[in-house]
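Chain by chain, the residues run as shown.
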Amino acid sequence: MPEIHLPQKIIFERNAIENFSFKRVERTILICDSEIIKNRGTLERLENKCRKFSAQVRTVFNTNVHELYNLASEEFFLDEAELIVAVGSSAAIDCGMLLTSESGADFTAIPCCCASTMTDFENGEYFSYRHSPTTLVLDPTLIEHLPSSTVACDAFAAFAYTVDTLSSTDNIITRSLAIHGAVGIYKSIIPACRGEIASLDKLMYSMYFAVAAHRNAKEIGNSYLSRVGRFFADYGYSKISVCAVILPNIMEYEESATRRGLFEIATAVGLAQEDDDPSFATVKLIDEIRRIQAKLGIPRAISGFNLAENAYRTRRIHSNIPDDLLDLCYYGSFKFMKL
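The structure reproduced in this document is the subject of the present report.

Thresholds, definitions, all that
- Residues numbered from 1 in each chain as written.
- Predicted model: local features only at pLDDT ≥ 70, side-chain atom pairs only at ≥ 80, totals over all residues.
- Heavy atoms only, no water.
- Helix = DSSP H or I, 4+ residues; strand = E, 2+ residues; numbered from the N terminus.
- Buried < 20%, exposed > 50% of the residue type's maximum accessible area, 1.4 Å probe, protein only.
- Lys, Arg positive; Asp, Glu negative; His and termini not counted.
- Salt bridge = Lys/Arg side-chain N within 4 Å of Asp/Glu carboxyl O.
- Polar contact = N/O pair within 3.5 Å; in protein donor to acceptor, adjacent residues only side chain to side chain.
- Contact = heavy atoms within 4.5 Å.
- Phe/Tyr/Trp six-rings, centres within 6.5 Å; stacked < 30°, edge-to-face > 60°.
- Lys NZ or Arg CZ within 6 Å of the ring centre and 35° of its normal.
- Expected span 1.5 Å × (residues − 1).
- Bend = angle between axes of the 7 residues up to and from the residue.
- Arc of directions from axis to C-beta.

**Re the side chain of D164**
- Note on placement: D164 falls in helix α7 (residues 148-166).
- Although D164 is buried, it forms no salt bridge, and the closest oppositely charged side chain is R130 at an N-O distance of 7.7 Å.
- Side-chain polar atoms of D164 contact the side chain of H214, separated by 2.8 Å.
- Apart from residues lying up to four places away in sequence, D164 is in contact with H214, I220, S223, L225 and S226.

**Looking at the pattern of salt bridges**
- Across all of its chains, the model carries 16 salt bridges by this definition.
- A salt bridge links K23 to D106; the shortest N-O distance between them is 2.5 Å. Note that K23 is positioned in the loop between α1 (16-19) and β2 (25-32) and D106 in strand β5 (residues 106-111), a separation of 83 residues in sequence.
- Its salt-bridge partner being R316, residue D327 comes within 2.7 Å of it at the nearest N-O pair. Taken together, the residues D327 in helix α15 (residues 323-331) and R316 in helix α14 (residues 309-316) connect sequence positions 11 residues apart.
- Take D327: its relative accessible area is 22%, and that puts it in the partly exposed class.
- Here the residues in one salt-bridge network are R14, E144 and D201, joined through shared partners.

**Quick notes on the packing of aromatic side chains**
- Summed over the entire model, instances satisfying the criterion amount to 17 aromatic pairs.
- Consider the rings of F231 and Y312, whose centres lie 6.2 Å apart with planes at 85 degrees: the pair is edge-to-face. Separated by 81 residues along the polypeptide, F231 in helix α10 (residues 224-233) and Y312 in helix α14 bring together distant segments of the chain.
- Here Y312 and Y330 contribute two aromatic rings whose centre-to-centre distance is 4.2 Å and whose plane-to-plane angle is 10 degrees, an arrangement assigned as stacked. You can see Y312 sitting in helix α14 and its partner Y330 sitting in helix α15, a full 18 residues away along the chain.
- Counting every residue linked through ring pairs, the aromatic cluster contains F231, F232, Y235, Y312, Y330 and Y331.
- Its end group placed over the ring of F20, K49 keeps NZ or CZ at 5.7 Å from the ring centre.
- Sitting over the face of the ring of Y235, R315 holds its NZ or CZ atom 5.0 Å from the ring centroid.

**Quick word on unusual backbone geometry**
- Positioned with a positive phi, N15 is a non-glycine residue whose angle comes to about 65 degrees.
- As for its placement among the helices and strands, N15 is situated in the loop between β1 (9-12) and α1.
- Although it is not a glycine, N306 sits at a positive phi angle of roughly 65 degrees.
- One can find N306 in the loop between α13 (278-295) and α14.

**Observations concerning helix α8 (residues 172-193)**
- The end-to-end C-alpha distance of α8, which contains 22 residues, comes to 31 Å, matching closely the 32 Å that a straight helix rising 1.5 Å per residue would cover.
- For α8, the principal kink sits at K187 and spans about 35 degrees; a proline, P191, occurs within the next four residues.
- Along α8, 17 of the 22 residues are buried, which leaves the element largely enclosed by surrounding structure.
- For α8, the N-terminal cap is N171; the gap from its side-chain oxygen to the backbone nitrogen of I173 is 2.9 Å.

**Digging into helix α3 (residues 42-53)**
- Counted at 1.5 Å a residue, the expected span for α3 with its 12 residues is 16 Å, and the 17 Å between its end C-alpha atoms agrees.
- Taken together, the buried positions of α3 are T42, L43, L46, E47, K49, C50 and F53. End-on view of α3: buried residues confined to an arc of 165 degrees, all on one side of the axis. Opposite the packed face of α3, turned more than 90 degrees from it, sit the exposed residues E44 and K52.
- The elements touched by buried residues of α3 are α1, β2, α2 (35-39), β3 (54-61), β4 (83-88) and β5.

Structure below.
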């Protein structure tokens, strides 16, 4: 039976973190990985707000998400908390998601930008613990203070999640969320990266549509995006950075599987008319994505991360991912060089 899972409550408005109320519980753990959130006093304000609703509040801060998980896990099992609050990057949200999956505690997620980066932890791969938070707070004031490079990276990764979703599901609600998210990201990413406030708001909401769709897509733990993401993440790169870079290459490689959805996106953003050839329209969309990436400083290939070719080729031999796809992602597309 078709179904979709979403948070019990989604709070979305500017200054939402100042205005919403936490659930009343005895014990809360607040985790964060963002220097910007900490240095601007937002973490302290959230901690003070938690204390109004919880008798005991433990705060755990670390910029390394794996260390953050280990520290937060230790704190949790010292005195089991009933609520876990994660604020910061997509990796921090994943960390909170894993902790609540293990413990059954309620989970409030407060992302600064994208709400997931498919983080694989030693205690669990992303697809073994992914689930929606109990409460989601989308406050666009948080994204305003991020570097444009971070905003661009998160947005392209979220767009990649929509492509992954479109390649794997026929659920009309999930597909609609994915397409709506992709269209919003496409239309708002350039003005958002220039600092336009209304576009930053729209971009944050659109990224969540993309994440919500991806979180509800079935059978994508072994998708091309997931497999390539894991392959290059093993070199120490974040999955969100990898997904942002390989987006057009995945679109190109999966064009036949995603053509219907990509055609809808191309039509909605004005790159095609409804009576156009879908194949031509999707190629045009892919080319436009590459142009926007170049304009915003996103590398056109994983080799742009300065990954040595011998290191790449040594591991490629032992991979079960098609060589032509890995090469496309590592070296970039010849089509792009001709643009």
